[in-house]
Amino acid sequence: MRLWKASATEEFDLQEFNAGDYAESVAAKNTAENITMVLYPNDANENGKALRLQQQYLLTSASLQDVIGGWIGRHGNNFTNFAAKNCFQLNDTHPSIAVAELMRLLIDIHNLPWEQAWTITSQTMAYTNHTLLPEALERWPVTLVKQLLPRIMEIIFEINARFLAEVSAHYPGDMERIARMSLIEEGHTQYVRMAYLAIVGSYSVNGVAELHSKLLQQGLFKDFYEFWPHKFNNKTNGVTPRRWLAACNPELSQLITETIGSAWITDLSQLSRLKAYADDPQFKQRWREAKQQAKQKLIDLKRRELNIEFDHDALFDVQVKRIHEYKRQLLNVLHVIHLYDRIKRHDTQNWTKRCVLIGGKAAPGYFMAKRIIKLINNVANVINNDPDVGNKLKLMFLPNYSVSAMEKICPGTDLSEQISTAGKEASGTGNMKFMMNGALTIGTLDGANIEIREEVGEENFFLFGLTEDQVEAMKKHYDPKAIIEQDSDLQRVINLIECGHFNRFEPGIFDPILASLTSPQDPWMTVADFRSYVEAQKRVEHAYQDKDLWTRMSILNCAASGKFSTDRTITEYNNEIWRLTPIKIKD
Ligand SMILES: *Cc1c(COP(=O)(O)O)cnc(C)c1O
C-alpha cells in the first residue's frame, strides 16, 4: 500500500516575503499541497473539476514511477519481462490516465520505442467498470488536458490515431462506428472519453455483477465488445466477512462458530452448513435471541444519539446507501406515506409494527438528493409526532452514514431495502453486508440482487418491480399520471404531498420531487414500481408475523451468503486476470 502526498519543492519565497507579500510567498506551497488536501467523495456523479484531474495524475504517476523504479533497481533498463510480472488494475476510470502516463514514462524517460511501450502497457493494464450511468462517466475537456498535461494529450492523440486505424481496417468505411469508438468526443467542446482510453489500453475489462457485465457488453461498450470480445469478463463484488460479520456482529458470529466451527471466517462457503439447522428449534431460538440482542444494541445507540425510541418487536426496515435518484429512496418514502395513510384511515387489521430507517450522504451539489433528504425528515416529523400513529410506524433519517455506522446498523436489521430501478445499480455491496447478517432482502432484479436471490432461492427473497428489459420497453410510452389515476392508494399518497401536508410552513418545497415523479421522462420510473413494491411489502409483513418462518428465512439468507465474500472475488481476479501465485500463510 502506498499513500501519496503532494508537497512543495520549496517551502516559501523569501524574496516575496521580504517584499511584504505573505500570501504570494506561500502560494506555491499551498498550490502543491492543495492537490492532496481533500479527496473527492465517491459518488455516481462526475463533476469535472481541474483539481480532480491533478489528483488523478499525481496519484497514478507516483504509483507507476514507484513500480518502475523498483523494476529498474532489480532488472536495470531491461523491460522484457515487465508485463509478465506487473499488473495495474484500474479501479474505475479514476486512474485511467495511467495508460497514457505509462507510455510517457517508457518512451520519454526510459527511451523505449512506441511499439514496445504499447505492448507493455496494453499487457499490464486491466480495467474494472463500476457504473453504467452516463452522468458518472469521466470525460475531460481536451483544452483542460492540453493545459495541465500537454505531453499526455499528445500521447492520447497518438494512441487514438493508431487505434482508429485498426478499427477502420476492420470495418472499412464505417465512419459512424469510428466516430462512436474514438477516444475523443467531437462537438462544440472536445472531450477525452476516459472509459474508452481504459478499454483500449487494457487486456481485461470487467463489470462487478453478472447483469452489469452483460449490460456493458450489450450497451455501453457494445462496439468494443464486438471488436475485442476476449477482453470482457465479470467479477461479482464481495464484502469481507472479517469486518462484515466476524467483527461487527459478535452475537451472531459466536453462535455460528459454536455451531459449525470457525473455518467460515476464511472460507465463507462453509456458512452453507447452517442450512442443516434451519429447522432445529433450539438453534432457531438462539438465532432469534442473537438477532434480538444486535437489534437492542442499535435501539440503545439511536436513543443516545438521536433521542428516539424504537420498539424492539417492530420490523427494522433499513435503506442506507448514498442518496441518489436511481437508488429510489423516494419509492421507500412513498410506501411509508402509504402506511401512514392506512393508519389514518384505520385500515390497520393485523398491523405489523415497522421502524423505517433511511440514511446516506448526498453530493453537495446534487439538488434533488438534498431535497429527498428534506422530504424524509419532514415526513418523519409528521409521522413520529402523530398520536394516532404511535408505535405502529416510525420513520428516521440517520445522519452521517459511514462505514462505522454500517457496522452498527447491519447486525440489527430485519429487512434490507435494495430497490433501485432495474439496470442502474452495477452491483451493490450493502445488499451483501445485510444478507450476511441474516437480514431478508426486498429488491428488484438489479445488480448483485439477482445473484443473491439465485443463491438463497426465490422463496427467501421479496422480489418486485420491472425487469431491466421492461424498464427499457416502457420508456417509449411511460405515463406516470395514468398510473397514479388508476391506483387509489398511490393517488392519496401523491395528494398528501401535493396538498402540503408535510410542508405546511414551507410552501412549494416538494414541487420538484412531484414534477420528477409525474414526468413521462422520469428515468427512474418510481411510480411504475409502486404497486408491485406495496404488494411485496405485504408479503414481508405476512412473513414477519410468523416468527418461526422469518427466523428460518434469516438463517437461510446467512447460510447462502458465502459467494459474496471478497475472498471469492479476489480469487477470481487472480485466476482470470492477474495470474499470481498465492503465498501460503502459516497458521
Ligand atoms: C457498503 C457501503 C456502501 C455501499 O452501499 P450500496 O447499498 O451498495 O450502495 C456505501 N457506503 C457505506 C458507508 C457502506 O458501508
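Scroll up a little and you will see the structure.
Keep in mind the model is a prediction, meaning the values are calculated, not measured.

Draft legend 1. Structural context of the packing of helix 6 (residues 98-109) against helix 7 (residues 114-124). It is at 9 Å that the axes of helix 6 and helix 7 come closest, and there the two elements cross at 140 degrees. Between helix 6 and helix 7, the interaxial angle falls into the category oblique. Of the two possible hands of crossing, helix 6 and helix 7 adopt the one that is right-handed. Where helix 6 abuts helix 7, its residues Val99, Leu102, Met103, Leu106 and Ile107 lie against Trp114, Ala117, Trp118, Ile120, Thr121 and Thr124.

Draft legend 2. Representation of the nonpolar core in the model. Leu393, Phe462, Phe502 and Trp550 are the most contacted members of the largest nonpolar core, which has 65 residues in total. The biggest single contributor to this core is helix 18 (residues 367-384), with 10 residues. Each residue touching Phe502, except ones within four places of it in the same chain, is listed here: Ile337, Tyr340, Asn378, Val379, Val382, Leu496, Ile497 and Phe510. Listed in part, the 60 residues of the second largest apolar core include Phe88, Val99, Val145 and Ile155.

Draft legend 3. Region of the structure containing the site of the ligand. Taken together, Trp244, Val320, Lys321, Lys327, Tyr401, Ser402, Val403, Met406, Gly428, Thr429, Gly430 and Lys433 make up all the residues around the ligand. Here an oxygen atom of the ligand sits 2.7 Å away from a polar atom, N or O, in the main chain of Thr429. At 2.6 Å, a side-chain N or O of Lys433 approaches an oxygen atom of the ligand. Calculation on the ligand without its partners gives an accessible area of 390 Å², and the protein chains cover 83% of this total. Counting only elements with at least two residues in the shell around the ligand, the list comes to helix 19 (403-409) and helix 20 (430-436).

Draft legend 4. The arrangement of the pairing of strand 11 (residues 415-418) in detail. On strand 11, burial covers both faces: Leu415 and Glu417 on one face and Ser416 and Gln418 on the other are all buried. Pairing analysis gives two bridges linking strand 8 (residues 315-320) to strand 11, with the strands arranged parallel. Counted as the bridge partner of Asp317 is Leu415 from strand 11. Running through helix 20, the crossover from strand 11 to the neighbouring parallel element strand 12 (residues 440-443) is right-handed.

Draft legend 5. Quick peek at unusual backbone geometry. The phi dihedral of Asp92 falls on the positive side, at around 80 degrees, and the residue is not glycine. By the element assignment, Asp92 lies in the loop between strand 1 (88-91) and helix 6.

Draft legend 6. The sheet that holds strand 5 (residues 191-193), seen in detail. Strand order in the open sheet formed by three strands is 3-5-4, with antiparallel pairing between adjacent strands. Whereas interior strands pair on both sides, the edge strands pair on one side only; in this sheet they are strand 3 (139-141) and strand 4 (184-185). The sheet contact formed by strand 3 and strand 5 spans three bridges and is antiparallel. Counted as the bridge partner of Pro141 is Tyr191 from strand 5.

Draft legend 7. Quick look at empty space enclosed by the protein. Applying the stated rule across the entire model yields three cavities of 30 Å³ or more. Within this model, the largest cavity holds a volume of roughly 50 Å³. Together, Lys321, Lys327, Gln418, Ile419, Ser420, Glu425, Ser427, Gly428, Asn431 and Asn449 line the largest cavity. Split by residue class, the lining of the largest cavity holds one nonpolar, six polar and three charged.

Draft legend 8. Structural view of the sheet that holds strand 8. Reading across from one edge, 10-9-8-11-12-13 is the order of the six strands in this open sheet, with parallel pairing throughout. Every interior strand has two partners, whereas the edge strands, strand 10 (393-398) and strand 13 (462-463), have only one. Across six bridges, the pairing between strand 9 (residues 354-359) and strand 10 is parallel. Along strand 10, the bridge assignment pairs Ile358 with Phe397. Taken strand by strand, helix 17 (residues 329-344) contacts strand 8, strand 9, strand 10 and strand 11, and its axis lies near 155 degrees from that of strand 9. Each of strand 8, strand 11, strand 12 and strand 13 touches helix 27 (residues 547-559); the most contacted strand, strand 12, lies at about 85 degrees to it.

Draft legend 9. Layout of helix 18. Compared with the 26 Å implied by 1.5 Å per residue over 18 residues, the 26 Å span of helix 18 between its first and last C-alpha is a close match. Among the residues of helix 18, those classed as buried are Met368, Ala369, Ile372, Ile373, Leu375, Ile376, Asn378, Val379, Ala380, Val382 and Ile383.

Draft legend 10. Layout of the packing of aromatic side chains. In this structure the tally under the stated criterion is 19 aromatic pairs. Relative to Phe221, the ring of Tyr127 lies with its centre 6.4 Å away and its plane at 50 degrees, an arrangement referred to as tilted. With Tyr127 in strand 2 (residues 125-128) and Phe221 in the loop between helix 12 (210-220) and helix 13 (222-227), this pair connects stretches of sequence that are 94 residues apart. Note on Tyr127: relative accessible area 0%, which makes it buried. On the basis of an interplanar angle of 75 degrees and a centroid distance of 6.4 Å, the ring pair of Tyr196 and Phe221 is categorised as edge-to-face. Of the two residues, Tyr196 is situated in helix 11 (residues 194-200) and Phe221 in the loop between helix 12 and helix 13; the sequence distance between them amounts to 25 residues. Both residues of the pair, Tyr196 and Phe221, belong to the buried class. Above the plane of the ring of Tyr191 lies Arg139, whose end atom (NZ or CZ) is 4.1 Å from the centre. Against the face of Tyr171 rests Arg177, its NZ or CZ located 3.9 Å from the ring centre.

Calculation criteria
Residues numbered from 1 in each chain as written. Predicted model: local features only at pLDDT ≥ 70, side-chain atom pairs only at ≥ 80, totals over all residues. Heavy atoms only, no water. Axes fitted to C-alpha atoms, helices over the stretch in contact; angles between N-to-C directions. Helix = DSSP H or I, 4+ residues; strand = E, 2+ residues; numbered from the N terminus. Parallel < 35°, antiparallel > 145°, perpendicular 65-115°, else oblique. Left-handed = near helix turned anticlockwise from the far one by under 90°. Contact = heavy atoms within 4.5 Å. Core = buried A, V, L, I, M, F, W, Y, C linked by side-chain atoms within 4.5 Å. Buried < 20%, exposed > 50% of the residue type's maximum accessible area, 1.4 Å probe, protein only. Near = heavy atom within 4 Å. Polar contact = N/O pair within 3.5 Å; in protein donor to acceptor, adjacent residues only side chain to side chain. Areas by Shrake-Rupley, 256 points an atom, 1.4 Å probe, with all protein chains shown as cover. Pairing = 2+ DSSP bridges. Right-handed = clockwise from strand over helix to strand, strands pointing away. 1 Å grid on protein atoms, 1.4 Å probe; cavity = no way out; pocket = protein on both sides within 12 Å on 5 of 7 lines; lining within 4 Å. Points joined across faces, edges and corners; volume = space filled by probe spheres on them. Nonpolar A, V, L, I, M, F, W, Y, C, P; charged D, E, K, R; others polar. Expected span 1.5 Å × (residues − 1). Phe/Tyr/Trp six-rings, centres within 6.5 Å; stacked < 30°, edge-to-face > 60°. Lys NZ or Arg CZ within 6 Å of the ring centre and 35° of its normal.

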